[in-house]
Amino acid sequence: MTVLSVFAAAALTAAATGLGALPFLFVRRPGRSWLGMANGLASGFMVGASIGLLWEGSDYGLGRVVAGAAAGAFFLVATRRQLGRGREPHFGAFRGAAAASMLLIVGVMTAHSFTEGVGVGVAFGGGDTLGLVIALAIAIHNVPEGLAISLVLVPRGVSVARAAAWSVFSSLPQPLMAVPAFVFVETFEPVLPFGLGFAAGAMLGMVAAELLPEALDAAPARWVGAVGLSSVAAMVALQLALLR
């Protein structure tokens, strides 16, 4: 594989994230209860993805994964505090709490994508076949991640096209990080478990601090629980299938 081929493969994984917005082409403008269900569904996808990241990272080094998870949670808390200070946060034409939630989901998933890019590059450094398998797995994995982003953006008034664009934007670090990780695989591999843990910690923090409280405020707890647990199970099952 050449550097250009690795970049192209990682770029395709990033583009796959935009597919997560497609279901909203068939959904009319959602109401408040739908916002709660959407947050519950997004929470489940993010928890399921976090479980997979922590499990994968433990193979490289449990201590670095735990340290990364703690750093990711701290990053989320610090970011929320920063958004709550000074000027009212805004996301395009949106302001206030809705804008803060949008900024957090896009920011957390973008930070998460740096790790995925390193994973693709390191995998290609281990061989063409391994790299292609990991790139395909991440591309498939990115679709529900794009759906999780869209589930936060679209119910708050963002158009489907913009939600797809923001989903792809959140994955742009993948091709940017895949190339240096491929070229300097021995340098990047030790950092991978910390990055995996960081992404998991940030996503779990986002679920606990933002998505679940909003979901429970907008929809019945039993519905949120059923949707959230179902999406956790679906995400974990998808990752297990891809790792076989």
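An account of the accompanying structure is given in this report. Treat the numbers as computed from the prediction; the structure is a model and nothing was measured. (Residues numbered from 1 in each chain as written. Predicted model: local features only at pLDDT ≥ 70, side-chain atom pairs only at ≥ 80, totals over all residues. Heavy atoms only, no water.)

## Topic: a nonpolar patch on the surface
In step 1: Residues Leu19, Leu22, Leu25 and Phe26 make up a contiguous nonpolar surface patch of roughly 450 Å² in combined accessible area.
In step 2: The residue Leu22 is located in the loop between α1 (3-16) and α2 (32-58) in this model. (Patch = residues over 30% accessible without salt bridge, like charges linked within 9 Å, V, L, I, M, F, W, Y side chains within 5 Å. Areas by Shrake-Rupley, 256 points an atom, 1.4 Å probe, with all protein chains shown as cover. Salt bridge = Lys/Arg side-chain N within 4 Å of Asp/Glu carboxyl O. Helix = DSSP H or I, 4+ residues; strand = E, 2+ residues; numbered from the N terminus.)

## Side note on the nonpolar core
In step 1: Met46, Ile105 and Met206 are the most contacted members of the largest nonpolar core, which totals 41 residues.
In step 2: For this core, the elements supplying multiple residues, two or more each, are α2, α4 (97-125), α5 (128-153), α6 (160-170), α7 (173-183) and α9 (192-218).
In step 3: At 9 residues, α9 tops the list of elements feeding residues into this core.
In step 4: Among all residues touching Met46, those that are not within four sequence positions of it are Ile105, Val108, Met109, Ala148, Met203, Met206, Val207 and Leu211.
In step 5: Val120, Ala135, Ile138 and Phe182 belong to the second largest nonpolar core, which has 9 residues in total. (Core = buried A, V, L, I, M, F, W, Y, C linked by side-chain atoms within 4.5 Å. Buried < 20%, exposed > 50% of the residue type's maximum accessible area, 1.4 Å probe, protein only. Contact = heavy atoms within 4.5 Å.)

## What about the side chain of Asn39?
In step 1: Within the element layout of this structure, Asn39 appears in helix α2.
In step 2: Setting aside residues no more than four positions away along its own chain, Asn39 makes contact with Val152, Arg156, Leu211, Glu214 and Ala215.

## A look at α1
In step 1: End to end, α1 covers 20 Å across 14 residues, agreeing with the expected 20 Å (1.5 Å per residue, within 8%).
In step 2: Taken together, the buried positions of α1 are occupied by Val6, Ala9, Ala10, Thr13, Ala14 and Ala16. Across the axial projection of α1, the buried residues extend over an arc of 165°, all falling on one side. Of the exposed residues in α1, the ones pointing more than 90 degrees away from its buried face are Leu4 and Leu12. (Expected span 1.5 Å × (residues − 1). Arc of directions from axis to C-beta.)

## Focus on α9
In step 1: Over its 27 residues, α9 runs 37 Å from end to end, which matches the ideal 39 Å to within 8%, given 1.5 Å per residue.
In step 2: Residue Val207 marks the point of greatest curvature in α9, where the axis turns by about 40°. (Bend = angle between axes of the 7 residues up to and from the residue.)

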